[in-house]
Amino acid sequence: MAASNADIAKLNFEDALAQLEQIVAQLESGNAPLEKSIELYERGTALKAHCEARLKSAEAKVEKITLSASGEATGTAPLDVE
């Protein structure tokens, strides 16, 4: 299954998330045979990791505007998400 997951790296966040949602729906339905369920789970795990990496990358690029005491923009600083 790893070879067929090579396409995941090319997906944007939205497409990867849509595929992940489809996989979750298929697994929750309980209609897939065991082997297919395992393949779906493995692909879902790879999609989840890809989505998390894309989000982390986006967070690193987001900056907040810093203001002076008078309220004027003075520059930017990394966004503290914690």
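Residues numbered from 1 in each chain as written. Predicted model: local features only at pLDDT ≥ 70, side-chain atom pairs only at ≥ 80, totals over all residues. Heavy atoms only, no water.

Visitor: Teacher, can you tell me more about the side chain of His 50 here?
Guide: Its location among the elements puts His 50 in helix H2 (residues 34-61). There is a polar contact of 2.8 Å between the side chain of His 50 and the backbone oxygen of Leu 11. Excluding residues that lie within four positions of it along the chain, His 50 makes contacts with Ile 8, Ala 9, Leu 11 and Ala 16. (Helix = DSSP H or I, 4+ residues; strand = E, 2+ residues; numbered from the N terminus. Polar contact = N/O pair within 3.5 Å; in protein donor to acceptor, adjacent residues only side chain to side chain. Contact = heavy atoms within 4.5 Å.)

Visitor: It is not clear to me how the pattern of salt bridges should be interpreted in this structure. Could you clarify?
Guide: Oppositely charged side chains are able to pair whenever their charged atoms sit close together. Inspection of the entire model under this criterion finds two salt bridges. Measuring nitrogen to oxygen at the nearest pair gives 3.1 Å for the salt bridge that ties Arg 43 to Asp 7. Here the residue Arg 43 occupies a position in helix H2, and Asp 7 occupies one in the segment before helix H1 (13-29), the gap between them amounting to 36 residues. The exposure class of Asp 7 is partly exposed, given its relative accessible area of 33%. Linking Glu 52 and Lys 48 is a salt bridge whose minimum nitrogen-to-oxygen distance equals 2.8 Å. Of this pair, Glu 52 and Lys 48 both sit in helix H2, separated by four residues, roughly a single helical turn. Classification of Glu 52 by relative accessible area gives partly exposed; the value is 44%. (Salt bridge = Lys/Arg side-chain N within 4 Å of Asp/Glu carboxyl O. Buried < 20%, exposed > 50% of the residue type's maximum accessible area, 1.4 Å probe, protein only.)

Visitor: Help me out: how do you make sense of the nonpolar core in this one?
Guide: For soluble globular proteins, the rule of thumb is that nonpolar side chains tend to be buried together. With eight residues, the main nonpolar core is built from Ile 8, Leu 11, Ala 16, Leu 20, Ile 23, Leu 40, Leu 47 and Cys 51. For this core, the secondary-structure elements that each account for two or more residues are H1 and H2. Filtering out sequence-adjacent residues up to four positions away, Leu 20 remains in contact with Gly 44, Leu 47 and Lys 48. (Core = buried A, V, L, I, M, F, W, Y, C linked by side-chain atoms within 4.5 Å.)

Visitor: Help me understand the packing of H1 against H2 in this model?
Guide: Describing two packed helices takes the angle between their axes plus the distance from one axis to the other. Running from N to C, H1 and H2 cross one another at 150 degrees; their axes reach a closest spacing of 9 Å. By the angle between their directions, the pair H1 and H2 is classed as roughly antiparallel. Of the two elements, H1 crosses H2, and the hand of that crossing is left-handed. Across the interface between the two elements, Phe 13, Ala 16, Leu 17, Gln 19, Leu 20, Ile 23, Gln 26 and Leu 27 from H1 touch Ser 37, Leu 40, Tyr 41, Arg 43, Gly 44, Leu 47, Lys 48, His 50, Cys 51, Arg 54 and Leu 55 from H2. Per-class residue counts for the contact of H1 with H2 are 11 nonpolar, five polar and three charged. (Axes fitted to C-alpha atoms, helices over the stretch in contact; angles between N-to-C directions. Parallel < 35°, antiparallel > 145°, perpendicular 65-115°, else oblique. Left-handed = near helix turned anticlockwise from the far one by under 90°. Nonpolar A, V, L, I, M, F, W, Y, C, P; charged D, E, K, R; others polar.)

On their own, these measurements won't tell you what the molecule is for.
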